[in-house]
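# Summary of the model geometry
One-letter residues, chain by chain:
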Amino acid sequence: MTSQQTGGPLVQLTGVNKWFGELHVLQDIDLSIDRGEVVVVIGPSGSGKSTLCRTINRLESIEKGEISIDGQRLPEEGKQLARLRSDVGMVFQSFNLFAHKTILENVMLGPTKVRRTSKADAEKRARELLERVGVSAQADKYPAQLSGGQQQRVAIARALAMDPKVMLFDEPTSALDPEMINEVLDVMTSLAREGMTMIVVTHEMGFARRAANRVVFMDGGRIVEAADPQTFFTNPRSERARDFLSKIL
Ligand code: ADP
Ligand code: MG
């Protein structure tokens, strides 16, 4: 069970189906993501994008199908799930930092509590990560003292502190004031350039053009279309994608 043992896809969803009661929210999702690939997921509100993200680290269960991370099938529960889940870093629209802990403590928390990393090692790594996302000067402050853009960059550092194999971003800039969006997208773009495997739900089409290897368009719980950004934006095949793009571009 060593990591990186497979030459296959890093994230693989096969025939994934999920229901919320009567609502068939994910329908026959097949998606295979290679190491270092950046996949941008777009689609109308309610199309299942967040649910897709949440199933990938089993914040939501699925009724049918299979999800594997680095060749390991995700179990429903138990110790192995906790371990595999920590391979997946997640950044949400709301930053969810611990309000009563400093920025540095927020980033150290996962490694010290879950990974049992020593405090000294966790602090060293946390400071490096805060530097990388450009908020090292804020290390001893509390979340409320930071701007939204700074808090979201801390949330990215916190996820990276667990050394995930893949990073999921669910509308990471949707709650930010416009002038703060780019500072977060810039951090994400450099992560992408450094080879991080990423799944990004976003309406930021500039980011998609710049950083994505592939754009996946969802509607009604299905993947309707997937293509490289150039092809997708200039020549979407489906009527639904054309209609969606005409509304957001
Ligand atoms: P998106 O992120 O694309 O806007 P979601 O994945 O959040 O879409 O939601 C997809 C559908 O599932 C929506 O119709 C939503 O109302 C429904 N849904 C999401 N979460 C739940 C839940 N916990 N219980 C019931 N329905 C849900
Ligand atoms: Mg959503």
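From a predicted model like this one, the values you see are computed outputs, not experimental measurements.

On to the overall build of the protein chain, then. Broken down by element type, the protein chain carries nine helices and 10 strands. Its C-alpha atoms give the protein chain principal-axis dimensions of about 50 × 45 × 35 Å. Pairs at least 24 apart in sequence give 64% of the contacts found in the protein chain among residues at least 6 apart. About 11700 Å² of surface is accessible on the protein chain, with carbon and sulfur atoms providing 47% of the total.

With that settled, the discussion passes to the UniProt feature "domain: ABC transporter" (unreviewed entry) in the protein chain. Cross-referencing UniProt, the feature "domain: ABC transporter" (unreviewed entry) maps to residues 11-245 in the present numbering. Annotated as residues 11-245, this span is 38% helix and 26% strand, and its ends, taken at the C-alpha atoms, are 27 Å apart.

Glancing now at the nonpolar core. Across soluble globular proteins, nonpolar side chains show a tendency to be buried alongside one another. With 52 residues, the main nonpolar core has I156, M167 and M198 as its most contacted residues. Each residue touching M198, except ones within four places of it in the same chain, is listed here: E37, V38, V39, M167, F169, M188, L191, A192 and F207. Judged by nonpolar contacts, the second largest core, of 27 residues, contains L10, L31, L74 and L84.

Another point: the site of ligand 1. Contacts to ligand 1 come from F20, L23, V25, P44, S45, G46, S47, G48, K49, S50 and T51. Here an oxygen atom of ligand 1 and a backbone polar atom of S50 are 2.9 Å apart. Elements that contribute at least two residues to the shell around ligand 1 include exactly strand 2 (23-33) and helix 1 (49-56). Among the elements that line the shell around ligand 1, the one with the most residues is helix 1, at three residues. The residue makeup of the shell around ligand 1, split by class, is four nonpolar, six polar and one charged.

With that out of the way, let us pick up the sheet that holds strand 10 (residues 222-227). Spatially, the six strands line up as an open sheet ordered 6-7-8-3-9-10, and their pairing is mixed. The sheet is open, and its two edges are formed by strand 6 (88-91) and strand 10, each paired on a single side. Strand-to-strand twist in this sheet, taken as the mean axis angle between neighbours without regard to direction, amounts to 20°. Contacts from helix 5 (residues 148-160) reach strand 6 and strand 7 (166-170), with the element oriented near 170° to strand 6.

Positionally, Q27 belongs in strand 2. On the accessibility criterion, Q27 (16% relative accessible area) is buried. Within polar-contact distance, the side chain of Q27 engages the backbone oxygen of H24 at 3.1 Å. Within the structure, the side chain of Q27 is placed 3.3 Å from the backbone oxygen of G220, a separation counted as a polar contact. Setting aside residues no more than four positions away along its own chain, Q27 makes contact with V16, N17, G220, G221 and R222.

With that settled, the discussion passes to helix 6 (residues 178-193). Side chains three or four residues apart in an α-helix point the same way, a direct result of the helix having 3.6 residues per turn. Counted at 1.5 Å a residue, the expected span for helix 6 with its 16 residues is 22 Å, and the 23 Å between its end C-alpha atoms agrees. For helix 6, the full list of buried residues reads M180, I181, V184, L185, V187, M188, T189, L191 and A192. At the C-terminal side of helix 6, G195 shows a positive phi close to 100°.

Let's shift gears to helix 3 (residues 103-113). Judged by how many residues are buried, helix 3 sits mostly within the fold: eight of 11 residues are covered. All of the buried residues in helix 3 are I103, L104, N106, V107, M108, L109, G110 and P111. Where helix 3 is buried, its residues touch helix 4 (119-132) and helix 5.

Enumeration over the complete set of coordinates arrives at 16 salt bridges. The residue E60 makes a salt bridge to R54 at a minimum N-O spacing of 3.3 Å. Using a relative accessible area of 28% as the deciding quantity, one classes R54 as partly exposed. If you follow the salt bridges from partner to partner, you end up with R35, D70, D87 and K165 in one network.

Our focus in this paragraph is the sheet that holds strand 5 (residues 72-73). Taken in spatial order, the four strands of this open sheet run 2-1-4-5, and their pairing is antiparallel. Because the sheet does not close on itself, it has two edges, and the strands there are strand 2 and strand 5. Sheet analysis places strand 1 (residues 11-20) next to strand 4 (residues 64-69), joined by five bridges and oriented antiparallel. Note on strand 4: the bridge partner recorded for N17 is K64.

About the cut-offs
- Residues numbered from 1 in each chain as written.
- Chains lettered and ligands numbered in written order.
- Predicted model: local features only at pLDDT ≥ 70, side-chain atom pairs only at ≥ 80, totals over all residues.
- Heavy atoms only, no water.
- Helix = DSSP H or I, 4+ residues; strand = E, 2+ residues; numbered from the N terminus.
- Contact = heavy atoms within 4.5 Å.
- Areas by Shrake-Rupley, 256 points an atom, 1.4 Å probe, with all protein chains shown as cover.
- UniProt positions renumbered as here; feature names shortened; annotations may be inferred.
- Core = buried A, V, L, I, M, F, W, Y, C linked by side-chain atoms within 4.5 Å.
- Buried < 20%, exposed > 50% of the residue type's maximum accessible area, 1.4 Å probe, protein only.
- Near = heavy atom within 4 Å.
- Polar contact = N/O pair within 3.5 Å; in protein donor to acceptor, adjacent residues only side chain to side chain.
- Nonpolar A, V, L, I, M, F, W, Y, C, P; charged D, E, K, R; others polar.
- Pairing = 2+ DSSP bridges.
- Axes fitted to C-alpha atoms, helices over the stretch in contact; angles between N-to-C directions.
- Expected span 1.5 Å × (residues − 1).
- Salt bridge = Lys/Arg side-chain N within 4 Å of Asp/Glu carboxyl O.

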